[in-house]
Structure formats: structure tokens, C-alpha cells
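# Descriptive analysis of the structure
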Amino acid sequence: LGSGASSDATVRWEPLAVGLRLIVDYLEKRTSELPQSAQLSAAADEAGDYNDEDEGTGLGTGGGGVYAEGPRIPKTAAETAAAETLKELPPTSSAPVFQLMTELPTILNTNVEHAEPRVRSLVAQAVGAYARYATSLLNWLDSSSDITDASERNKLQLAAEHAQVGRRNIHATILLSLKSHLDMKEPSRENNPSAASDGALDDTTGWRALETNLHALASYVDGCVGKNGGDGSYVNEEAALFDSADTDENGWFLTGLQHCCVVHVNRHVRAAAAAVLGVLIKSCMRSRDPSHEDLLVDEDSPFRLVLKETLKGTLADNWSQVRMAGSVLGRRFVQALLKIYKSRNGDDEDGEDEDLTVFESAAGDLVPMLLPRMCLNRFYLAQGVKLYSQETWKEVFGSHTHAADEDGLHSSVESRGGGGMGAVARNAAPLCRYYSKMCDADNHAVREAACQGVAELAQKVGQHPLYADYLSPYVNMLLQALLMCFHDESWPVRDEACLACGTFCIAYAEECRPELPTLFERWTEQLTDQIWSVREDAACALGDAVTAYGPEMLEKVLAVIRKSLPAAKDQPPMSREEYKKLQNDVSAHTGNQVYSCGSLAPKLRKGGAGRIGCSSCVVDRPKQPWEATDGAIYLLRELCTRFPNRDDTEREDVILGDNILLPLMTELADVARLSHYPQSDDLRTTLFKQLPQIAEAMGKRRFKGLYLDLFIELLSKNLDDRHGTGASQLSIHAAGQCCEEIAKLIGFGIMRGRLEAIGCDDAFDSVMEERKREQAMIATPGHFIGREAFSPFGPTVVSN
């Protein structure tokens with residue numbers, strides 16, 4: 001190890017890396033053998049202190065409590081069981097571990113700025129393991145009464161003191177390297193071309209040794225497990241670093257960490273700095289000293305101010321990696337504030353702030369900044385951020401009064417302050433301002449999440465009997481933000497904005513009425529969009545509008561349907577061969593804009609209104625006439641399912657009678673028979689998917705008597721391809737599923753009889769047999785995974 005210095009360019013780094021990896025494993029094993037280390041963990045659990053080791057990487061970062069190398073990797077049951085069965089083997093004064101503790105500081109200090117980043121990462125892990133063993137050794141010696149030999153105790157005490165000298169020497173080296181890197185001049189994020197996605201500056205790798213220095217510092221702080229704020233407690237030993245103003249000698253520390261989290265151009269550095277702040281919070285809570293807790297609670301504390309600015313930036317960062325690191329930091333900070341508040345005010349739900357949630361009382365001035373970001377990240381596109389933020393929300397606002405599967409804002413009249421719903425309602429002003437701002441953010445994933453958050457406000461707060469009035473003053477602000485998103489380059493953003501506006505019309509019909517003409521125009525535009533899910537959700541929004549405004553809106557919607565249904569007749573003729581040739585034409589796909597699904601999409605440019613999106617209004621294909629008919633099918637489904645008859649309607653003054661519906665369905669059946677264009681198969685697929693829902697809403701007698709015969713021949717031709725229609729597999733499958741669901745409604749015998757009359761009973765029998773085989777496979781363990789047992793984010797669950 002000693003020969004692995006970075007100054008010798010001829011020495012390979014691999015032996016050094018392997019040696020460091022072995023050292024980490026060795027020190028972690030020696031730490032687990034100390035009796036007091038196990039007692040310390042149990043005591044921490046009993047006292048309610050932080051026991052979040054599972055939030056680490058699981059890669060030996062000084063105990064696994066440092067979020068440094070990516071998403072959390074939970075410990076397996078085998079690892080946990082192995083840790084619990086380790087024997088206690090306290091060291092003797094002649095143990096080889098003390099020789100290692102003497103030599104290791106020099107090796108670590110020499111390689112803290114090694115040219116190879118993988119070596120620097122292993123140095124960071126070794127630093128954490130060294131600090132944890134050294135401080136755990138102190139805890140053991142201070143509390144152990146098993147060492148009766150005075151000479152042996154003195155030798156062990158001397159060895160432990162030498163280890164503390166080495167530990168502090170390592171810390172001083174890390175701080176010196178960290179300060180020298182912070183003094184370097186690097187481009188700010190505001191002047192960095194890559195932040196705007198129109199330059200090529202590399203911000204996807206570490207910034208020299210700054211990132212690994214931060215990892216090393218985080219591992220060191222997490223490894224300092226000194227008890228009760230004594231020796232080995234980081235916050236006690238380095239108290240000056242926590243409470244230093246900018247003008248103080250140590251003022252560079254907190255301001256430097258804030259700079260790394262918020263301003264630094266490199267996303268890895270920003271995430272690593274957030275990890276450092278997280279373990280500093282952990283150190284404050286671990287000490288159990290009220291003065292150290294005040295560093296987190298006092299609104300004028302420099303440490304709290306840095307945390308506030310850091311969370312403000314990292315929880316809204318453009319990179320999912322940094323946003324995830326900010327989410328981990330935010331949960332740790334909020335949990336600490338809640339713990340301090342409850343310890344100082346008791347667990348009684350009633351108090352002087354009984355109208356507020358415990359979170360609001362504990363967070364104080366942080367609520368207007370923290371709550372909007374916590375809300376929005378529950379909808380963020382990156383699954384890690386989304387799921388972690390949802391779990392954080394449940395931990396902060398959830399209570400025993402909620403069902404196990406309840407999600408959302410967690411409202412409960414029985415919980416203090418109304419739970420998450422009450423907190424959101426009371427802070428509607430900052431929340432709505434933040435959502436409105438994020439609807440115009442550079443990142444398309446942020447805009448999409450903001451639209452989803454606005455829809456949630458309308459659905460849950462806007463329709464709540466106690467909290468609806470809190471949101472009412474901000475409806476116009478949110479509507480304007482959503483209207484802006486209708487012109488977004490990214491179709492998911494347009495999709496979410498469309499749905500959110502419909503939800504707002506139901507919750508705040510009169511407040512939305514001034515914008516209704518504009519909304520109606522946007523909805524009808526979306527109804528003919530090139531993306532099928534956008535067309536479907538535009539139909540849902542128009543259905544919401546009919547629910548909100550009644551007959552006046554129904555007439556407008558029916559006019560749209562009558563105009564759009566026959567549009568497919570105007571689709572230019574094209575054979576399937578011509579369509580396939582067009583799709584495979586190289587010249588038609590050469591020289592176009594290149595896109596990615598990450599934060600830099602479209603690559604190296606902004607489009608349209610100056611936002612970053614996953615599609616562009618500049619590079620676009622024209623809308624097709626058949627797509628208007630497709631949108632009208634979704635709109636018909638919405639009307640049929642919402643207003644089918646007088647006994648089952650969302651409004652008593654809106655009924656979709658047969659005098660209105662039968663001509664429309666007849667027109668739809670005629671248009672669906674067209675096959676002069678290749679996309680006609682897609683249109684029929686849409687029809688077959690929506691028809692069972694329409695039939696269910698109408699009821700057995702009504703649908704069987706008036707409407708089944710309109711589509712029975714069309715269904716028979718698509719059950720298989722015997723007629724040479726060239727139907728796609730999607731269309732054939734949709735037709736079969738449609739027949740099955742309608743047969744369940746009206747009876748299999750009746751359905752088979754109708755098909756037998758046109759000579760298609762054998763195809764129907766074949767489809768039903770295929771469905772039976774699929775159901776048998778679903779019921780057989782290990783052969784087919786049912787929907788309820790499948791998760792895209794975890795291992796497949798199969799019952800044996």
C-alpha cells in the first residue's frame with residue numbers, strides 16, 4: 001500500500017485499490033467484534049436515535065450510512081442475520097489491528113488526491129471505517145469493566161489515543177484538500193453552457209478530487225460515533241465548523257458546502273455535498289446535547305440557514321441524482337426536527353399549536369419552502385425520487401388512522417391539524433406560486449410533475465368541504481400556468497395540463513368560467529392530437545366540463561362529436577405497402593433532431609418557447625383526419641359512461657338518450673368499416689377497447705336491443721384473419737377481448753348466437769378457448785405472472 005502514491009506514474013493503482021478494499025472489510029469486521037459497538041447500536045434504537053444504516057450504499061462506506069454511490073441498496077436478510085451472530089472478540093494490546101491503525105493514516109493522507117478516482121473512492125470508504133473503529137474503541141474502553149489487568153488497560157488506552165491522533169490527522173488532511181479545491185475557480189451553473197443544454201461542457205464526471213473529498217468527509221463524520229457528545233463525537237470536536245459566520249476563520253466550511261450543493265456545475269459534487277450535510281445532521285442528533293440540537297432548531301443558526309438554502313436548491317435540481325440526494329437530506333432534516341420537537345413538547349397531540357400539524361410546528365419558517373418541494377417530488381418522473389418522496393410524506397403526515405394502502409395528501413379530521421391535507425391547505429399560497437413557477441421550468445419532467453400536482457390540488461383540496469376555500473383565491477393563477485402548458489413541446493406535459501384543467505372545472509366551476517372558451521378550444525385541439533393518450537385525456541377533460549356546466553356544455557361537445565366522427569372518410573387512400581415503404585424511407589429520417597429521455601433532451605438545444613422537452617413543435621408531423629375520429633370515440637365513451645340514463649348519471653339535467661346516441665353510434669360503425677388507409681386498423685382497435693365500457697354503462701337490455709347489431713359484423717371480421725383483411729394482431733386481440741367482455745354482459749349463449757347467424761361462431765369458440773388457457777396459466781404458479789403479483793421496480797413475486 002505504501003508504494004501506491006500518485007506521484008509514481010509507473011506504479012499501477014489496482015494493488016492499492018485491492019488493499020484498501022481489504023482494509024475496509026477488515027476494519028468493519030473488527031468494529032463489529034467490539035462489545036460496546038453492538039450495545040451502542042441497541043442503545044440508539046432504544047433512545048429513538050437515527051438508525052438509518054440501510055440508507056447507505058451497502059458498499060462499506062464506514063458503516064453504510066452515507067448516501068454516496070447511487071440509490072439505496074437495502075441489506076439482505078442473510079447479511080443482517082450474519083451481523084447478529086458475530087462473536088464478540090475484543091482486541092488485545094498486541095492485536096495487529098493497532099499496527100494497521102498506526103500505518104493507515106499516512107497511506108490515506110497520501111492518496112486522498114490520487115489520480116485514479118476509483119482509488120479516491122476507496123480511500124473515502126477506508127476513512128469511514130477507520131473513524132468508526134477508532135471512536136468505537138473509545139466507547140468500549142470508557143464503559144468496559146472486563147479489563148482487570150491495569151497494564152493491559154493502559155496499553156489499550158495508549159493505542160486508542162494514537163488512533164485518535166491518526167483520525168484527527170486524516171480529518172485535517174481532508175479539510176485542507178477540500179478547502180484547496182473550493183478555492184479553485186470553476187464555472188458557475190448560471191454561466192455553464194451545459195446547464196442550458198446548448199453547450200458541450202462536461203458535467204457528468206467528478207470535479208478533480210472534490211467529489212471524493214466530500215465522500216471522505218461524509219464517511220468520516222458518519223464514522224465518528226462517540227457517545228453523548230464526548231470524544232469521538234464530530235459535532236463536539238468540531239463545533240466551530242457548525243456555528244461559523246462567513247467572516248470567521250472557519251466560515252469557509254458551511255459556505256463551501258452550500259456552494260457545492262447549490263452553485264457547483266458538477267452534479268456529482270452537488271449530490272456528494274448533500275450527503276455531507278446529511279451526516280452532519282446525524283452527528284447533531286447523535287450527541288443528545290440540547291446545544292447541538294439548537295443548531296438545527298434555531299432559525300438564526302448558520303447551519304440551519306445553509307440547510308435551508310441547500311434544500312431549496314437540491315430538491316428542485318434539474319438532475320434526478322441531485323434531487324434524490326436532496327430528498328434523502330430533506331427526510332433526515334425533517335425527521336430530526338420532528339424528534340426534537342416531540343422530545344421538548346411531549347407526544348401529546350393537543351397543545352398551543354393544535355390547529356397545525358406537528359410538521360408545521362417543528363419546521364417553522366422552513367414550511368413555505370419545504371412543503372411545496374416535498375409535494376411536487378411525489379410526482380417526479382424519476383421513480384427513485386418519486387417513491388422515496390411518497391414514503392417520506394407518509395412518514396411525516398401518516399398516522400394510525402389511515403388505511404395501509406391510502407396514498408395522497410393523507411387527510412384525517414382525527415389527526416392534528418388535518419394531516420397533510422390541512423398543511424397543504426394552510427400553505428396554499430407558497431404551494432401555488434411554486435407550482436406555477438415549475439409549470440414553466442426548463443425540465444420537461446418538472447413541468448409534468450407540476451401539472452400532476454396542480455391536478456391533485458383541484459381533486460383533493462378543491463373538493464374537500466373544509467379546505468376548498470383555501471385554494472379558491474389561487475385558481476386563476478394555476479389555470480394560467482396550465483394554459484401555458486397546453487403549448488408545451490412535451491406531450492406528457494400537455495396531457496397532464498389537459499386533465500388538470502378538467503378537474504379544476506369540477507371543483508371551481510364559476511372561477512373557471514371566464515377561461516372556459518379558451519379551455520374548450522384547447523381541449524378540442526388536444527382531441528385531435530397525434531398521441532392517442534393525449535386524445536383520450538382530452539376526452540376525459542371534456543367529460544369533466546359537461547359534468548361541471550351541464551346542458552350548455554353538452555351541446556358544444558355533441559357538436560364536436562358530430563363534426564369529428566366522419567373525419568376518417570377524408571383520410572387520403574394509401575396501401576399498406578406504401579405506408580411501410582414510407583416508414584422505412586431513410587431519407588425521411590435523416591438529418592432530423594436527435595432526442596434523448598434525460599435532462600438534456602432535446603440534445604444541445606431548446607425548442608419552441610425556450611423549454612427543454614422530449615418532443616418539439618418545430619419537428620412535427622401533421623395531424624391526420626382519422627385521429628379526429630379516434631378522439632371522438634373516446635369522447636363518446638366519456639358521455640356514455642357518465643350520463644347513460646336517469647338512474648345513473650352525474651347530472652340529473654344531462655341524459656344521453658337513444659335519440660342522440662343511436663345516430664352517432666350508427667355513424668361510428670359506418671366509419672369503422674372503412675379500410676382504404678392503413679391506420680384504419682388502429683381506429684378499430686380503439687373502438688373495440690371502448691365498446692365494452694359503453695355497453696356496461698348502457699346496460700344489458702339497451703345495448704343488446706339497439707346497438708349490438710351495429711358492430712357484430714365488424715367484430716366478426718376482426719376475430720381472425722380468415723377474410724384476408726390483413727388485420728393486425730393488436731386489432732385481432734382487441735376484438736376477441738371485446739367479444740368476451742360483451743358476452744359476459746349479455747350472456748355467452750346470446751353472443752354466440754348472434755355470431756353464428758353470420759357464420760363466425762367457430763372463431764368465437766376459438767377465442768374463448770384461448771382465453772380459458774390464459775386464465776389457467778395465470779392460476780398456475782410459476783408459469784404466468786398475474787397483474788397483482790407483478791412489480792416493475794422489484795423482483796417478481798410468485799407464490800409456491
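Going by the structure above, here's the rest.
Now for a description of the structure that goes with this document. (Residues numbered from 1 in each chain as written. Predicted model: local features only at pLDDT ≥ 70, side-chain atom pairs only at ≥ 80, totals over all residues. Heavy atoms only, no water.)

## Topic: the overall build of the chain
Here is the rule: Numbered from the N terminus, helices here are DSSP runs of H or I no shorter than four residues, and strands are runs of E no shorter than two. Think of it in three bands: residues with accessible area under 20% of the maximum for their type are buried, residues over 50% are exposed, and the middle band is partly exposed, with areas taken using a 1.4 Å probe on protein chains only. Two residues qualify as a contact provided that any one of their heavy atoms is within 4.5 Å of a heavy atom in the partner residue. Calculation of accessible area relied on Shrake-Rupley with a 1.4 Å probe; when residues are assessed, cover is drawn exclusively from the protein chains displayed.
Helix and strand counts for the chain stand at 36 helices and zero strands. Of all 800 residues assigned to the chain, the portion counted as buried reaches 53%. Restricting to contacts in the chain with at least 6 residues of sequence separation, those with at least 24 account for 72%. Here the chain displays about 35,600 Å² of accessible surface, and carbon together with sulfur accounts for 52% of that area.

## Some remarks on the packing of helix 14 (residues 320-345) against helix 17 (residues 383-397)
Our working rule: Here an axis means a line fitted to C-alpha atoms, over the contact stretch when the element is a helix, while the angle between two N-to-C directions is reported on a 0 to 180 degree scale. Comment on the angle field: the value is read as roughly parallel under 35 degrees, roughly antiparallel over 145, roughly perpendicular from 65 to 115, and oblique elsewhere. Each residue gets one label: Ala, Val, Leu, Ile, Met, Phe, Trp, Tyr, Cys and Pro are nonpolar, Asp, Glu, Lys and Arg are charged, and the others, such as Gly, are polar.
Interaxial distance between helix 14 and helix 17 falls to 10 Å at its minimum, and their mutual angle equals 10°. Taken together, the axes of helix 14 and helix 17 lie roughly parallel to each other. Within the contact between the two elements, helix 14 uses S320, R323, M324, S327, V328, R331, V334, Q335 and L338 and helix 17 uses G384, V385, Y388, S389, E391, T392, E395 and V396. Residue composition of the contact of helix 14 with helix 17, grouped by class: seven nonpolar, six polar and four charged.

## Remarks on the packing of helix 31 (residues 680-698) against helix 33 (residues 708-719)
Heads up, the condition is: Helix crossings are classified by the rotation of the near helix relative to the far one: an anticlockwise turn of less than a right angle makes the crossing left-handed, while a clockwise turn makes it right-handed.
The interhelical angle for the contact between helix 31 and helix 33, taken along N-to-C directions, is 120°, at an axis separation of 12 Å. The two elements helix 31 and helix 33 meet at a crossing, and its hand is left-handed. Listed contacts from helix 33 to D681, R684, L687, F688 and L691 of helix 31 are F711, L714, L715 and N718. A per-class count over the contact of helix 31 with helix 33 returns six nonpolar, one polar and two charged.

## Some words on helix 27 (residues 551-564)
Formally: To estimate the expected span of a helix, subtract one from its residue number and multiply by 1.5 Å. The arc in question is the one traced by the directions running from the helix axis out to the C-beta atoms.
Compared with the 20 Å implied by 1.5 Å per residue over 14 residues, the 20 Å span of helix 27 between its first and last C-alpha is a close match. Listed as buried for helix 27 are M553, L554, V557, L558, V560, I561 and S564. All buried residues of helix 27 fall inside an arc of 155° around its axis, so they share one side. Where helix 27 is buried, its residues touch helix 25 (516-526), helix 26 (532-549), helix 29 (625-642) and helix 30 (658-672).

## Some thoughts on the side chain of S283
Considering the arrangement of structural elements, one finds S283 in helix 11 (residues 267-287). S283 gets classed as buried once you look at its relative accessible area, which sits at 2%. Ignoring any residue separated from it by four or fewer positions in sequence, one finds S283 in contact with V221, Y234 and V235.

## Re helix 25
Structurally, the α-helix is built with 3.6 residues per turn, so residues lying three or four positions apart point the same way. All buried positions along helix 25 are accounted for by L516, L519, F520, R522, W523, T524 and Q526. Packed against the buried residues of helix 25 are helix 22 (475-485), helix 23 (491-507), helix 24 (509-512), helix 26 and helix 27.

## A look at the nonpolar core
Quick reminder of the rule: Think of a nonpolar core as a cluster: buried Ala, Val, Leu, Ile, Met, Phe, Trp, Tyr and Cys residues, connected wherever their side-chain atoms sit within 4.5 Å.
In terms of nonpolar packing, the biggest core is built from 225 residues, with L296, F303, F359, F504, W523 and M751 touching the most fellow members. With sequence-adjacent residues up to four places away left out, F359 is seen in contact with V334, L338, V367, L370, L371, M374, V396 and F397.

## Here we look at empty space enclosed by the protein
Here is the rule: Here a cavity denotes grid points, spaced 1 Å and computed from the protein atoms alone, that fit a 1.4 Å probe unable to get out, and a pocket denotes an open set having protein on both sides within 12 Å along at least 5 of 7 lines; residues with an atom within 4 Å of a point are the lining. Grid points are joined across faces, edges and corners, and a volume is the space filled by probe spheres set on the points.
Counted by the stated rule, this structure contains two cavities of 30 Å³ or more. As a volume, the largest cavity reaches approximately 110 Å³. Along the walls of the largest cavity sit L315, G326, S327, G330, R331, V334, L370, M374, N377, Y388, S389 and T392, which together make up its complete lining. Elements supplying a minimum of two residues to the lining of the largest cavity: helix 14, helix 16 (367-377) and helix 17. Ranked by residues supplied to the lining of the largest cavity, first place goes to helix 14 with five residues. When the residues that make up the lining of the largest cavity are grouped by side-chain class, the tally is five nonpolar, six polar and one charged.

## A word on the state of the cysteines
Threshold: Any cysteine sulfur atom paired with another within 2.5 Å is treated as part of a disulfide.
Counted according to the given criterion, the structure contains zero disulfides. Between C485, a cysteine without a disulfide, and C451, which holds the nearest cysteine sulfur, the sulfur-to-sulfur distance is 3.7 Å. Distance from the sulfur of C738, which forms no disulfide, to the nearest cysteine sulfur (C739) is 5.8 Å.

## Considerations on the side chain of T503
Relative to the elements of secondary structure, T503 occurs in helix 23. Apart from residues lying up to four places away in sequence, T503 is in contact with A455, A458, Q459, Q463 and D544.

## Looking at the packing of aromatic side chains
Operational definition: Here is the rule: rings of Phe, Tyr and Trp (six-membered ring for Trp) pair when centre to centre is within 6.5 Å. Planes less than 30 degrees apart are stacked, more than 60 are edge-to-face, and the remainder are tilted.
This structure, assessed with the given rule, holds eight aromatic pairs. Between Y234 and F242 the ring centres are 6.2 Å apart and the planes differ by 65°, which places this aromatic pair in the edge-to-face class. For the pair Y234 and F242, a shared accessibility class is recorded, and that class is buried. For the pair W393 and F397, a centre-to-centre distance of 4.5 Å together with 45° between the ring planes defines the contact as tilted. Note that W393 and F397 are positioned in helix 17 at a spacing of four residues, about one turn of the helix.

## Some words on the environment of C512
Relative to the helices and strands, C512 resides in helix 24. Separated by 11 residues in the primary sequence, C512 and C501 place their C-alpha atoms 8.8 Å from one another. Leave out the neighbours within four places in its chain, and C512 touches V475, L479, F504, C505 and Y549.

## A short note on the environment of S766
If you trace the backbone, S766 turns up in helix 36 (residues 761-779). Along the sequence, S766 and G736 sit 30 residues apart, while their C-alpha atoms lie 9.6 Å from each other.

## Digging into the pattern of salt bridges
Which entries qualify depends on this criterion: By definition, a salt bridge exists where a carboxyl oxygen of Asp or Glu is found within 4 Å of a side-chain nitrogen of Lys or Arg.
Scanning the entire structure with this criterion turns up 43 salt bridges. A salt bridge links R21 to D25; the nearest nitrogen and oxygen atoms lie 2.7 Å apart. Taken together, the residues span about one helical turn, with R21 and D25 both in helix 1 (residues 14-32) at a distance of four residues. We note a salt bridge from D529 to R494, for which the minimum N-O separation is 3.2 Å. In this pair, D529 is assigned in the loop between helix 25 and helix 26 and R494 in helix 23, connecting sequence segments 35 residues apart. Accessibility assignment for this pair places D529 and R494 in one class, buried. Because the salt bridges share partners, they merge into one network encompassing E536, D544, R637, E638, R642 and E650.

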